[in-house]
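Close look at the chain arrangement
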Amino acid sequence: MIKVAVCGARGKMGANIIELLNGDSQAEYFCGVDPRGGGNGVPVYACFDKIQAKPDVIIDFSSPAVLEEELTYAVKHQVPTVIGSTGFTHEQLKKIDEASKKVAIFRTANFSLGVNLLCQLVKRAAETLGENFDVEVIEKHHSQKVDAPSGTALMLADSAKAAFEGGKPYLYGREGICGKRGNEIGLHAVRGGTIVGEHDVLFCGDDEIITLSHSARSKKVFAAGAIKAAKWLADKPAGKYDMGDLLKD
């Protein structure tokens, strides 16, 4: 049985992960990490330094603020770590890269199988349609999401960008007299209500529009993907992994 520490255990994603772990035959909810503490029979520690017994793997859906403490613990105790948080700075991304040289790190902006398939379809569409079609990415999330654009929107934009030699610059929204559209990929964020996550990639050509879309109806789809990643990562050597590596297996 794989022992899982859930970072952000008192959050909404943490609750979904714990619920699914409680019905899993291969992995168990071993402990939580959350500054709010608590726990019903399973300890929830205020910080990583207070963890009393070593877990087999960490799943993190908390916030970038905990990253340095988490990576320090993961490297020191050699605990593979699944990172599902978004909104990291460039410096924090470098720290993830450095840590992955010493311990297995699995990082992706979206754990949905459907979203990762969508990334492949977006790249294929961009390769096929080429420069004759403008690319726009629209993402919609709940009112409590703090970063924009979403990590998934950036994944999708990167997938499209990879099809163009030399890439394309990103333009985040438009306002005022901004002139005619250039060679950019546009990214647009909508925030409202309890939207779990919706992403549309538009390929706009002369007299036709192709739209590739994904809509998540529940956070459980991400929780299930994270648990699958944790099981897969638990015995992996040091390195940086993502959904592409998991899907290859």
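Structure report, in brief. Position numbers for residues start from 1 in each chain and track the written sequence from start to end. For this predicted model, a pLDDT threshold of at least 70 governs which residues receive local features, and a threshold of 80 or more governs which side-chain atom pairs are given and counted, while totals over whole chains, interfaces and linings are taken from all residues. Here the side-chain values reflect all heavy atoms present in the structure, with hydrogen atoms and water set aside.

One bridge is not enough; two strands pair if DSSP finds at least two bridges between them. Each helix is a run of DSSP H or I of at least 4 residues and each strand a run of E of at least 2, with the numbering of both proceeding from the N terminus. The seven strands lie next to each other as β3-β2-β1-β4-β5-β6-β12, forming an open sheet whose pairing is parallel. One side of each edge strand has no neighbouring strand; the edge strands of this open sheet are β3 (44-45) and β12 (239-241). As defined by bridge partners, strand β2 (residues 27-33) adjoins β3 across two bridges and the pair is classed as parallel. Residue pairing across strands places Val33 opposite Tyr45, the latter belonging to β3. For this analysis, residues touch if any pair of their heavy atoms sits within 4.5 Å. Under this scheme, a helix contributes an axis fitted over its contacting stretch, all axes are lines through C-alpha atoms, and angles between N-to-C directions fall in the 0 to 180 degree range. Helix-sheet contacts for helix α2 (residues 67-77) involve β1 (2-7), β4 (57-60), β5 (81-83) and β6 (104-107), and the interaxial angle to β5 is about 160 degrees. Here helix α3 (residues 90-99) sits on the sheet in contact with β5, β6 and β12, set at roughly 140 degrees to β6.

Tracing the chain through its elements places Leu247 in helix α7 (residues 243-248). When its relative accessible area of 34% is taken as the criterion, Leu247 is described as partly exposed. Here the alpha-carbon distance between Leu247 and Cys119, two residues 128 residues apart in the chain, equals 13 Å. Look past the residues within four positions of Leu247 in its chain and what remains in contact with it is Leu113, Asn116 and Gln120. Each residue's exposure class comes from its accessible area (1.4 Å probe, protein chains only) as a fraction of the maximum for that residue type: buried when under 20%, exposed when over 50%, partly exposed otherwise.

Once that is clear, we can look at the side chain of Asp200. Among the secondary structure elements, Asp200 is positioned in strand β10 (residues 197-205). When charges are tallied, Lys and Arg are placed among the positive residues and Asp and Glu among the negative ones, while His and the ends of the chain are skipped. When a carboxyl oxygen of Asp or Glu is within 4 Å of a side-chain nitrogen of Lys or Arg, the pair counts as a salt bridge. Of the side chains bearing the opposite charge, Lys140 lies closest to the buried Asp200, which forms no salt bridge; the N-O distance is 4.4 Å. Here a polar contact means two N or O atoms within 3.5 Å. Within protein one must be a hydrogen donor candidate and the other an acceptor candidate, and residues neighboring in sequence count only if both atoms are side-chain atoms. Within the local environment of Asp200, its side chain forms a polar contact with the side chain of Ser213, the two groups lying 2.5 Å apart. Once residues within four sequence positions are removed from consideration, Asp200 is found in contact with Glu136, Val137, Ile138, Lys140, Thr211, Leu212 and Ser213.

This brings us to the pairing of β6. The pairing of β5 with β6 spans three bridges and is parallel. By the bridge assignment, Ile83 is partnered in β6 with Arg107. Think of it like this: strands point away, you trace from the first strand over the helix to the second, and a clockwise trace means the crossover is right-handed. Taken together, β5, α3 and β6 form a β-α-β motif whose crossover is right-handed.

Bringing unusual backbone geometry into the picture now. Backbone torsion omega between Ala148 and Pro149 reads -5 degrees, so that peptide bond is classified as cis. Along the polypeptide, Pro149 turns up in the loop between β7 (134-141) and α5 (151-161). For Gln78, which is not glycine, the phi torsion reads 55 degrees and is therefore positive. For Gln78, the position within the fold is in the loop between α2 and β5. Positioned with a positive phi, Asp207 is a non-glycine residue whose angle comes to about 70 degrees. Tracing the backbone shows Asp207 in the loop between β10 and β11 (208-216).

All right, on to the environment of Val33 then. Structurally, the position occupied by Val33 is in strand β2. For the pair formed by Val33 and Gly114, sequence separation is 81 residues and the distance between their alpha carbons is 29 Å.

Relative orientation and spacing of two packed helices are given, respectively, by the angle between their axes and the distance between those axes. Contact pair α2 / α3: the axes reach a minimum separation of 11 Å and the direction vectors enclose 5 degrees. Put simply, α2 runs roughly parallel to α3. Each of Leu67, Glu68, Leu71 and Val75 in α2 lies in contact with α3, whose residues at this interface are Gln92, Lys95, Ile96 and Ala99. If an angle is under 35 degrees, it is roughly parallel; if it is over 145, roughly antiparallel; if it lies from 65 to 115, roughly perpendicular; otherwise it is oblique.

Our next topic: the packing of helix α4 (residues 113-129) against α5. Two numbers describe how α4 lies on α5: the axes approach to 7 Å, and their chain directions differ by 30 degrees. Viewed along their axes, α4 and α5 adopt a mutual orientation that is roughly parallel. In this structure, α4 meets α5 at a crossing whose hand is right-handed. In this structure, α4 uses Val115, Asn116, Leu118, Cys119, Val122, Lys123 and Ala126 to contact α5, whose residues at the interface are Thr152, Met155, Leu156, Ser159 and Ala160. Throughout, a crossing is termed right-handed when the near helix is turned clockwise from the far one, and left-handed when it is turned anticlockwise from it by less than a right angle.

Interpretation note: all reported values are geometric properties and have no functional meaning in isolation.
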